[in-house]
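Descriptive analysis of the structure
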Amino acid sequence: MGHQGLARLAPRRRNATPGKIVRRTGALVFVALLGLVLAHVALAGDPAGLSPRGPDSPQAAKIEGIYWLLIAITGGIFVLVEGALILFVFRFRNRGRSRTLEGPEIHGATRLELIWTAIPVVILAAIVAFVLVKLPGINSADSAKAAGPPLIVKVEGRQFYWNFLYPNGVIQVERMRVPANRDVKLLINSEDVDHSWWIPALQGKFDAIPGKTNHLWFRADRRGTFEGQCGEFCGYEHPHMVAAVQAVPSSDFQSWYDREARAQASGTSDLGKMTFDGACATCHGFHAQGAFGPDLRGNPILQQPAAIKTLLQNGRNKMPAVGKGWSSRQMNALLAYVKRFAGSSGGG
Ligand code: CUA
């Protein structure tokens, strides 16, 4: 049946009642408002709007290139498909035909079928090619512009904080300090369950898996603090498992690095506070006042280093083994720090 047949099936007779029109207008207004709300939420959350954070590293810049290609292609397809949908809804709307009326049966449209098969194949091939070109640059160092040899940092994901171990023995918790404009190689693993290392402005997401070490390269293009979040659901405090990378000028980094190594070796650094704030405060509060976990102030266990050590290394009930595998440096720093909470009970 040709176009004339279609026209015959669609006699021009209006049967829209005022009630129907009101309902349709209401639905359209609702959809438009929902779209506005969604766009507003998407744009208000971040000054960058719909674009990803950064990019502040050569690796993140390549990831962003892939992001925009996919947004352009999927956005174009979205507009085409939704546009056609809306057009057809109006063009072929029910003009008083019977609901049981059958449409014309159409068999075979070889040219159309070839076109709608070939176009997606070409699009997918273009995406694959683009990603394959960018991928090597995402997974490796960008040494060409890097000032100095790479810094290697061991990243341990733990319930519910990040521990960073530097080659000279320095330990940091939750905040990793690195030199800007220098290659950094991360050796990522987990001490308990799966976590995911993710600083969006600097690199993609990378799993922290027990028993396996993953490698990730990045180079911060500028000084600044780049924030992130554990990207894998890892337990009840997963949303509070935050991370930050602080990139500082190379000379500042070097002087801090040497100073911190001496301070930690002699037990005069703030490693104890940093460990408490990262590992303990998530559940017990920054002043040990209790939150998700119990109030620790005045708890007699704080006077018994051996008992705390056992608790930290083994966990108990809901408390994970946050101190499993800690070096004696980190354990001793924490034991020294928590003494301050031994005397004050309640109210303080
Ligand atoms: Cu660690 Cu989520």
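The present account deals with the structure reproduced in this document. (Residues numbered from 1 in each chain as written. Predicted model: local features only at pLDDT ≥ 70, side-chain atom pairs only at ≥ 80, totals over all residues. Heavy atoms only, no water.)

1. Observations regarding the overall build of the protein
For clarity, the cut-off: In DSSP terms, a helix is any run of H or I states spanning at least four residues, a strand is any run of E spanning at least two, and both are numbered starting from the N terminus. Throughout this description, buried means an accessible area under 20% of the type-specific maximum (1.4 Å probe, protein chains only), exposed means over 50%, and partly exposed covers the range between. Note on definitions: a residue-residue contact is assigned when non-hydrogen atoms from the two residues lie within 4.5 Å. Here the open area of atoms and residues is found with the Shrake-Rupley method and a 1.4 Å probe, where only the protein chains shown may cover a residue.
Counting its secondary structure elements, the protein contains 8 helices and 10 strands. Relative to its full complement of 348 residues, the protein shows a buried share of 35%. For the protein, the proportion of contacts with a sequence separation of at least 24, taken over those separated by at least 6, is 67%. With the model as given, the accessible surface of the protein reaches about 20,500 Å², and the carbon-plus-sulfur share is 63%.

2. Brief notes about the nonpolar core
Note the cut-off: Definition of nonpolar core: a set of buried residues of the types Ala, Val, Leu, Ile, Met, Phe, Trp, Tyr and Cys, connected through side-chain atoms within 4.5 Å.
Membership of the largest hydrophobic core comes to 34 residues, with the highest contact counts inside it found for W162, Y166, M176, L186 and W197. Mapped by element, the contributors of at least two residues to this core are β1 (151–158), β2 (161–165), β4 (175–179), β5 (184–190), β8 (214–218), β10 (242–248) and α5 (250–265). Setting aside chain neighbours within four positions, we find Y166 in contact with L151, V153, Q172, M176, R177, F253, W256 and Y257.

3. A word on the side chain of S57
Formally: Whenever two N or O atoms come within 3.5 Å, that pair is a polar contact, provided that in protein one can donate a hydrogen and the other can accept it, and provided that, for residues adjacent in sequence, both atoms are side-chain atoms.
By secondary structure assignment, the location of S57 is in the loop between α2 (18–44) and α3 (58–91). A distance of 3.0 Å separates a polar side-chain atom of S57 from the backbone nitrogen of A60. Polar side-chain contacts of S57 include one of 2.5 Å to the backbone oxygen of L202. Apart from residues no more than four positions distant in its own chain, S57 is found in contact with A201, L202, R219 and D221.

4. Examining the sheet that holds strand β9 (residues 224–229)
Stated formally: A pair of strands is labelled paired if DSSP reports no fewer than 2 bridges between them. A fitted line through C-alpha atoms represents every axis, and for helices the fit uses only the stretch in contact; the resulting angles, taken between N-to-C directions, go from 0 to 180 degrees.
Reading across from one edge, β4-β10-β9 is the order of the 3 strands in this open sheet, with mixed pairing throughout. Both outer strands of the open sheet, β4 and β9, are each paired with one neighbouring strand and no more. Strand-to-strand, the axes of this sheet are offset by a mean angle of 20°, without reference to chain direction. Relative to β10, β9 is paired through 6 bridges, and the arrangement is antiparallel. Bridging from a neighbouring strand, E227 pairs with A244 of β10.

5. Overview of the packing of aromatic side chains
Using the following cut-off: Pairing of aromatic rings covers Phe, Tyr and the six-membered ring of Trp, with a centre-to-centre limit of 6.5 Å; geometry is then stacked below 30 degrees between planes, edge-to-face above 60, and tilted otherwise. Any Lys NZ or Arg CZ that is within 6 Å of a ring centre and within 35 degrees of that ring's normal is treated as a charge sitting over the ring.
Taken as a whole and assessed by the stated rule, the structure comprises 14 aromatic pairs. For the ring pair F164 and W197, a centre distance of 5.6 Å and an interplane angle of 80° mean the geometry is edge-to-face. Of this pair, F164 sits in strand β2 while W197 sits in strand β6 (residues 195–197), and the two are 33 residues apart along the sequence. Note on F164: relative accessible area 0%, which makes it buried. These aromatic residues form a ring-pair network of at least three members: Y166, F253, W256 and Y257. Positioned over the ring face of W198 is K205, at 4.5 Å from the centre of the ring.

6. A word on the pattern of salt bridges
Under the convention used in this document: By definition, a salt bridge exists where a carboxyl oxygen of Asp or Glu is found within 4 Å of a side-chain nitrogen of Lys or Arg.
This structure, assessed with the given rule, holds 6 salt bridges. Here D277 and K273 are joined by a salt bridge, their closest N and O atoms 2.7 Å apart. With D277 and K273 both in helix α6 (residues 271–284) and 4 residues apart, this pair spans about one turn of that helix. When its relative accessible area of 18% is taken as the criterion, D277 is described as buried.

7. Quick look at the sheet that holds β5
Read across the open sheet, the 5 strands follow the order β3-β2-β1-β5-β8; overall the sheet is mixed. The outermost strands of the open sheet, each flanked by one partner alone, are β3 (171–173) and β8. Adjacent strand axes in the sheet meet at a mean angle of 25° when their direction is disregarded.

8. Describing the environment of K318
Here K318 is to be found in the loop between α7 (305–314) and α8 (328–338). Here the alpha-carbon distance between K318 and G293, two residues 25 residues apart in the chain, equals 8.7 Å. Other than its neighbours up to four places away in sequence, K318 contacts Y236 and F292.

9. Re the packing of α7 against α8
Put simply, the test is: Throughout, the term roughly parallel applies to angles under 35 degrees, roughly antiparallel to angles over 145, roughly perpendicular to angles from 65 to 115, and oblique to all others. By convention, the crossing between two helices is left-handed when the near helix turns anticlockwise from the far helix through less than a right angle, and right-handed when the turn is clockwise. Residues were grouped as follows: Ala, Val, Leu, Ile, Met, Phe, Trp, Tyr, Cys and Pro as nonpolar; Asp, Glu, Lys and Arg as charged; and all remaining residues, including Gly, as polar.
Contact geometry for α7 and α8: axes closest at 11 Å, N-to-C directions at 125°. Comparing the axis directions of α7 and α8 gives the class oblique. Considering the relative orientation of α7 and α8, their crossing is right-handed. Contact residues: α7 offers P305, I308, K309, L312 and Q313, while α8 offers M331, L334, L335 and V338. For the contact of α7 with α8, the residue count by class is 7 nonpolar, 1 polar and 1 charged.

10. Things to note about unusual backbone geometry
Cis geometry is adopted by the peptide bond preceding P55, which originates at G54 and carries an omega value of 5°. With respect to the element layout, P55 can be found in the loop between α2 and α3. With an omega dihedral of 0°, the bond running from Q159 to F160 counts as a cis peptide bond. With respect to the secondary-structure elements, F160 resides in the loop between β1 and β2. Positive phi values are uncommon outside glycine, yet N181 reaches one of about 60°. Among the secondary structure elements, N181 is positioned in the loop between β4 and β5.

Everything listed is a geometric property; what it means functionally is a separate question.
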